[in-house]
Amino acid sequence: MSEILEEFVSGFCRTCNGTRTVCCEYERGADGRLRLTDFECDPERCANSAACEIWREAGRRAEG
């Protein structure tokens, strides 16, 4: 059975031009690694996702 973790990542959002806190959901697999399963934003549709520090930080947490 996998474990679900919820974390909050805060940073500056260029799209809304202000500080934003995003809820991230991770699943811990049998090997102990985290996988980002839900991100309370839409980086696929965001024009600023390539420069988004919040998105990068969420990914870094999954990498360990």
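Everything numeric here is computed off the predicted structure, so don't read it as measured data.

**Student:** Run through the sheet that holds strand E3 (residues 34-39), naming residues and quoting values.
**Tutor:** A sheet is described by the order of its strands in space; here three strands give the open sequence E1-E2-E3, paired in antiparallel fashion. Every other strand in the sheet has two partners, leaving strand E1 (3-13) and E3 as the edge strands with one partner each. Strand-to-strand twist across the sheet, computed as the mean angle between neighbouring axes with direction ignored, equals 35 degrees. Pairing of strand E2 (residues 18-28) with E3, which is carried by five bridges, proceeds in the antiparallel orientation. Looking at E3, one finds that Glu 25 is bridged to Asp 38. Running at roughly 150 degrees to E1, helix H1 (residues 53-63) makes contact with E1, E2 and E3 of the sheet.

**Student:** Any chance you could break down the nonpolar core for me, citing the residues and the numbers?
**Tutor:** Soluble globular proteins tend to pack their nonpolar side chains together in the buried interior. Residues Leu 5, Val 9, Val 22, Cys 24, Tyr 26, Leu 34, Phe 39, Cys 52, Ile 54, Ala 58 and Ala 62 constitute the largest nonpolar core, which totals eleven residues. Elements with a minimum of two residues in this core: E1, E2, E3 and H1. If near-sequence neighbours (up to four positions away) are discounted, Val 9 is found in contact with Arg 20, Thr 21, Val 22, Cys 24, Ile 54, Glu 57, Ala 58 and Arg 61.

**Student:** Could you give an account of unusual backbone geometry, naming the residues involved and the relevant values?
**Tutor:** The phi dihedral of Asn 17 falls on the positive side, at around 55 degrees, and the residue is not glycine. By the secondary structure assignment, Asn 17 is in the loop between E1 and E2.

**Student:** If you had to explain the pattern of salt bridges to someone new, which residues and values would you point to?
**Tutor:** Evaluated as defined, the whole model comprises seven salt bridges. In this structure, Arg 28 engages Glu 3 in a salt bridge whose closest nitrogen and oxygen atoms are separated by 3.3 Å. Remark: Glu 3 occurs in strand E1 and Arg 28 occurs in strand E2; sequence separation between them is 25 residues. Arg 28 sits in the partly exposed class, given a relative accessible area of 30%. A residue is classified by how much of its surface remains accessible, and Glu 3, at 39% relative accessible area, is partly exposed. Residue Arg 45 is joined to Asp 42 by a salt bridge in which the shortest nitrogen-to-oxygen separation is 4.0 Å. Given the relative accessible area of 74%, Arg 45 is considered exposed.

**Student:** If you had to explain the environment of Gly 64 to someone new, which residues and values would you point to?
**Tutor:** Mapped onto the elements, Gly 64 comes out in the segment after H1. On the basis of relative accessible area, Gly 64 is assigned to the exposed category, the value being 95%. In this structure the C-alpha to C-alpha distance between Gly 64 and Arg 35, which are 29 residues apart in sequence, comes to 9.8 Å.

Rules used in this analysis
- Residues numbered from 1 in each chain as written.
- Predicted model: local features only at pLDDT ≥ 70, side-chain atom pairs only at ≥ 80, totals over all residues.
- Heavy atoms only, no water.
- Pairing = 2+ DSSP bridges.
- Helix = DSSP H or I, 4+ residues; strand = E, 2+ residues; numbered from the N terminus.
- Axes fitted to C-alpha atoms, helices over the stretch in contact; angles between N-to-C directions.
- Contact = heavy atoms within 4.5 Å.
- Core = buried A, V, L, I, M, F, W, Y, C linked by side-chain atoms within 4.5 Å.
- Buried < 20%, exposed > 50% of the residue type's maximum accessible area, 1.4 Å probe, protein only.
- Salt bridge = Lys/Arg side-chain N within 4 Å of Asp/Glu carboxyl O.

Keep in mind these values describe shape, not function.
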